[in-house]
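# Geometric and topological summary
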Amino acid sequence: MKRIFSITAWIAVAVLGAGALGSIALHRGEPLNATWFVVAAVCCYLVAYRLYSSFVAAKILALDDTRATPSERHDDGRDFVPTNKWVLFGHHFAAIAGPGPLVGPTLAAQFGYLPGTLWLIAGAAFAGCVQDFVILFCSIRRDGKSVGQMAREEVSERGGFIAQLAVLAIMTILLAVIGLVVVNALKSSPWATFTLAMTIPIALLLGLYLRFVRPGRVLEASVMGVALVLFVVVAGQWVADSPFWARAFTLSGVALAFLIIAYGFAASALPVWLLLAPRDYLSAFIKAGAIFSLAAGILFVQPQVLMPPLTRFIDGTGPVFAGKIFPFCFITIACGAISGFHSLISSGTTPKMILRESHARFIGYGAMLLESFVGVMAMVAACAMPPGIYFAINSPPSIVGGAGVAAASTISGWGYPLQAQTMTDLAHKVGEITLWNRAGGAPSLAVGMAQIFSGTIGGERLLSIWYHFAIMFEALFILTVLDAGTRVGRFMVQDLGGRVWKPFGRTGWMPGILLSSAVIVALWGYFLYQGVVDPLGGINSLWPLFGISNQLLAAVALVVATTILMKMGRLRWIWVTLLPMAWLVTITMTASYQKIFDANPRIGFLAYAKALAAQIAAGKIPAEKIAETQRLIFNQRLDALVTGLLAAMILVLIVEALVHWYSVLSRRKESVLHESPYIATRWGADYPGVAHGDD
């Protein structure tokens, strides 16, 4: 009877999800109720987790809880630390959920709500979650080794070395962009700066409490930590209202950049239990709490999605960014559907802290589903505002003709009516000087979130409070990726350095820890600083690389995963990783080619550099702007070079993998798995972390 009830319930969930998804895909005419997005996403995620992740766990990976994990075998109190599965889920989710699921869907909304929403849901269930889950499992079975190390062992020595270099280069770009987004979000917000700064001592207190005062008492520490975080969120408004403290926490971009670099070094060098894990765990409460509150607000307010399912800009003439829906929708929405950065966390900090192999399903597959839900909520927030306002906030002045009446006239001419006074009134309501031309996604997302939140509590009189809370939330969301990413980068630097001098590769050797931490923060810190002092704010030169680099990294991870599954004898199920790998290689190589060689200056790096050089030669650039323009030319050419090098390295890795696959399948080469030897776990159900983790 119980089984019949369970089957009936899951069929009902599947039918409800299919109906909601069908309403989103087929609806035309009147504006669509945003409730359908929440229902479709939640139902699809539940079915995917219950059925598809169970299939992957049982049939493909065969998770084994009798096997000791790296945290048990190598517990050193610094990097290999047995961690409660709920705390680790919070750390993992906070570490993977960066700017992608917030900014990406917001920018991709220029194509309409339909393509982005479908990619977020389907891409996560069949690609992103699978990548995170499988790579986490593979790393657990190999003592927490990184994607690059696994590529070297499982694919080939040469391919693995190229993969490690490519991954380190991509990591540098990703962390620089993430840091730049944080700097730009904090520059004008003492409230957000204060709140983020206070999460550091709170995390230290929480780490010491769980380590020495009340080990294993996660619930007590959670209540204390969340209460303190909520207090500093409220106190942040007091700081912003105080002339003295507001001035103290209103920092320049350069000052914020150096503070973020210093924080990244500390997060990399300090023991993981002291700062990284507890801070990410606390951040996860704010992240998940805000997103679920946004979902509840959508269900309560039931706003209309005013953006059409498809806009006129699917042809590549979009004002937010140029490029056709294929491949740029799938590059712009990175982390919400599939993200290569996640593979670094799944083969970096998380496998060194997990208690049981079975936890990999909940943490690897489940955390990615939650991040995809973040992306869907960001899409709703962006599309629930009038399209005219959306394009006014996200379009650069060079496209819409500045601000005010001229810009409003341009946007209205696209078929999205807008009055200049509407933007003035909206900026006043949210406490901003102007909302025109605030490209980058964060401000428009904050406006969308604030409008939904104010519809549930406070109305328009609290719109400014909700707006600044959303800005703080976005900065907090993104910064947690920086600390975990820096620590993973430290592991990669140590591994590469260990090839030259063995002691440097020991993760427990303090001089190696400090030196490798300094190297990785210097690498991304340099690009962050260059972005901060860039004439156009840096986002124009660094952001185009973000999506391509991220998806190229996902292709690397799926190549490694496919190779390992082949060696495990899972040929029958190899399509699980092979199909998303083929799709990613297709879109990333297409996007890379277009970004380098497209003749449209708004798309191609080299075409834009050539157009700027021609303007200088023709004397169309004022003398005082020549140096700035020359820097832009250099940045565009550098972007083209970096994109070309990354794409070439990934192609070499794929060729190496194809040769290796042929050797394995034709039995010309012995198929050797480089798993750690089986060691039975000594932890029973009474072990504190296991007992609380399995509750």
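Residues numbered from 1 in each chain as written. Predicted model: local features only at pLDDT ≥ 70, side-chain atom pairs only at ≥ 80, totals over all residues. Heavy atoms only, no water.

Scanning the chain from terminus to terminus reveals 28 helices and two strands. Against the compact-globule benchmark of 26 Å for 695 residues, the chain has a radius of gyration of 24 Å, which places it among compact chains. A buried classification covers 60% of the 695 residues belonging to the chain. Considering only contacts within the chain whose residues lie at least 6 apart along the sequence, 83% involve residues at least 24 apart. Only carbon and sulfur atoms are counted for the fraction: they give 67% of the accessible area of the chain, which is about 25,900 Å². Taking the average place of the 48 positive charges on the side chains of the chain and the average place of its 35 negative ones, the gap between the two points comes to 4 Å. (Helix = DSSP H or I, 4+ residues; strand = E, 2+ residues; numbered from the N terminus. Rg over C-alpha atoms; globule rule 2.2 N^0.38 Å. Buried < 20%, exposed > 50% of the residue type's maximum accessible area, 1.4 Å probe, protein only. Contact = heavy atoms within 4.5 Å. Areas by Shrake-Rupley, 256 points an atom, 1.4 Å probe, with all protein chains shown as cover. Lys, Arg positive; Asp, Glu negative; His and termini not counted. Charge placed at Lys NZ, Arg CZ, Asp CG, Glu CD.)

Relative orientation of the contacting elements helix 4 (residues 85–96) and helix 16 (residues 359–383) amounts to 40 degrees, with a least axis distance of 9 Å. Comparing the axis directions of helix 4 and helix 16 gives the class oblique. Both helix 4 and helix 16 take part in a crossing whose hand is right-handed. Contacts between helix 4 and helix 16 pair K85, W86, L88, F89, H92, F93 and I96 from the former with H359, F362, I363, G364, G366, A367, M368, L370, E371 and V374 from the latter. Broken down by class, the residue content of the contact of helix 4 with helix 16 amounts to 11 nonpolar, four polar and two charged. (Axes fitted to C-alpha atoms, helices over the stretch in contact; angles between N-to-C directions. Parallel < 35°, antiparallel > 145°, perpendicular 65-115°, else oblique. Left-handed = near helix turned anticlockwise from the far one by under 90°. Nonpolar A, V, L, I, M, F, W, Y, C, P; charged D, E, K, R; others polar.)

The next subject is the environment of F597. Structurally, F597 can be placed in helix 25 (residues 575–597). Exposure remark for F597: the relative accessible area of 52% places this residue in the exposed category. C-alpha separation for the pair F597 and A607, spaced 10 residues apart in sequence, amounts to 7.1 Å.

Bringing helix 5 (residues 100–108) into the picture now. For helix 5, the tally of buried residues reaches nine of nine residues, placing the bulk of the element in the interior. Those residues of helix 5 that fall on the buried side of the exposure criterion are G100, P101, L102, V103, G104, P105, T106, L107 and A108.

Summed over all chains, the structure comprises 31 aromatic pairs. Taking 6.0 Å as the distance between ring centres and 80 degrees as the angle between the ring planes, the aromatic pair formed by F231 and W238 counts as edge-to-face. Of the residues examined, F231 reaches a relative accessible area of 48% and is grouped as partly exposed. The residue whose ring lies beneath K85 is F362, and the NZ or CZ to ring-centre distance is 5.2 Å. (Phe/Tyr/Trp six-rings, centres within 6.5 Å; stacked < 30°, edge-to-face > 60°. Lys NZ or Arg CZ within 6 Å of the ring centre and 35° of its normal.)

This part is about the pattern of salt bridges. A full pass over the atoms with the stated rule returns eight salt bridges. A salt bridge links R67 to E675; the shortest N-O distance between them is 3.7 Å. Of this pair, R67 sits in the loop between helix 2 (35–61) and helix 3 (70–73) while E675 sits in the loop between helix 27 (626–665) and helix 28 (688–693), placing them 608 residues apart in sequence. One continuous salt-bridge network, built from bridges that share partners, spans R67, R141, E357 and E675. (Salt bridge = Lys/Arg side-chain N within 4 Å of Asp/Glu carboxyl O.)

Here we take up the state of the cysteines. Going through the model one piece at a time under the given rule, you end up with zero disulfides. For the unlinked cysteine C43, the closest cysteine sulfur is that of C44, found at 7.0 Å. Looking at C129, it has no disulfide partner, and the nearest cysteine sulfur is the one in C44, 12 Å off. (Disulfide = S-S within 2.5 Å.)

Where helix 1 (residues 2–26) meets helix 6 (residues 113–140), the closest approach of the two axes is 9 Å, and the angle between their N-to-C directions is 150 degrees. When the axes of helix 1 and helix 6 are compared, the pair comes out roughly antiparallel. Facing helix 1, whose interface residues are L21, I24 and A25, helix 6 presents Y113, L114, L118 and I121. In the contact of helix 1 with helix 6, the residues fall into seven nonpolar, no polar and no charged.

With that out of the way, let us pick up the side chain of T588. With respect to the helices and strands, the residue T588 is situated in helix 25. According to the relative accessible area criterion, T588 is buried, its value standing at 0%. Polar side-chain contacts of T588 include one of 2.6 Å to the backbone oxygen of L584. If we skip the residues at most four places from it in the chain, T588 touches I331, I548, Q551 and L552. (Polar contact = N/O pair within 3.5 Å; in protein donor to acceptor, adjacent residues only side chain to side chain.)

The next point concerns unusual backbone geometry. Of note, the amide linkage connecting F326 to P327 takes the cis form, showing an omega dihedral of 10 degrees. Take P327: it is sitting in helix 14 (residues 325–332). Backbone geometry at D143 places phi at a positive 60 degrees, although glycine is not the residue there. Among the secondary structure elements, D143 is positioned in the loop between helix 6 and helix 7 (147–154). One non-glycine residue, Q302, lies in the positive phi region at around 50 degrees. Examined against the element boundaries, Q302 turns out to sit in the loop between helix 13 (276–301) and strand 2 (304–305). Judged by relative accessible area, which is 42%, Q302 ranks as partly exposed.

On the surface, V254, F258, Y529 and V533 cluster together into a nonpolar patch covering about 320 Å² of accessible area. Taken together, the elements giving at least two residues each to the nonpolar patch come down to helix 12 (253–269) and helix 23 (510–533). Summarising the element assignment, V254 is placed in helix 12. (Patch = residues over 30% accessible without salt bridge, like charges linked within 9 Å, V, L, I, M, F, W, Y side chains within 5 Å.)

So, about the confidence of the model for the chain. Atomic detail in the predicted coordinates should be set aside for any region of low pLDDT. In this model, the chain carries an average pLDDT of 84, and 93% of its residues clear a pLDDT of 70 or more. By mean pLDDT, helix 28 is the weakest element of the chain at 51, and helix 6 is the strongest at 96. Per-residue pLDDT stays below 50 along residues 691–695; that stretch engages in 10 contacts with residues further than four places along the chain or on separate chains. (pLDDT = per-residue confidence, 0-100.)

Glancing now at the side chain of R356. By the secondary structure assignment, R356 is in the loop between helix 15 (340–346) and helix 16. Here R356 sits buried without a salt bridge, and the closest side chain of opposite charge, E72, lies 4.7 Å off (N-O distance).

Within the secondary structure, M379 is located in helix 16. Linking M379 and T117, residues 262 residues apart in sequence, is a C-alpha distance of 7.2 Å. Excluding anything up to four places from it in sequence, M379 contacts P105, A109, Y113, G116, T117, L120 and I333.

Looking now at the environment of R158. The topology assignment puts R158 in helix 8 (residues 157–186). Here R158 falls in the exposed class, since its relative accessible area comes to 57%. With 498 residues separating them in the primary sequence, R158 and E656 have C-alpha atoms 8.1 Å apart.

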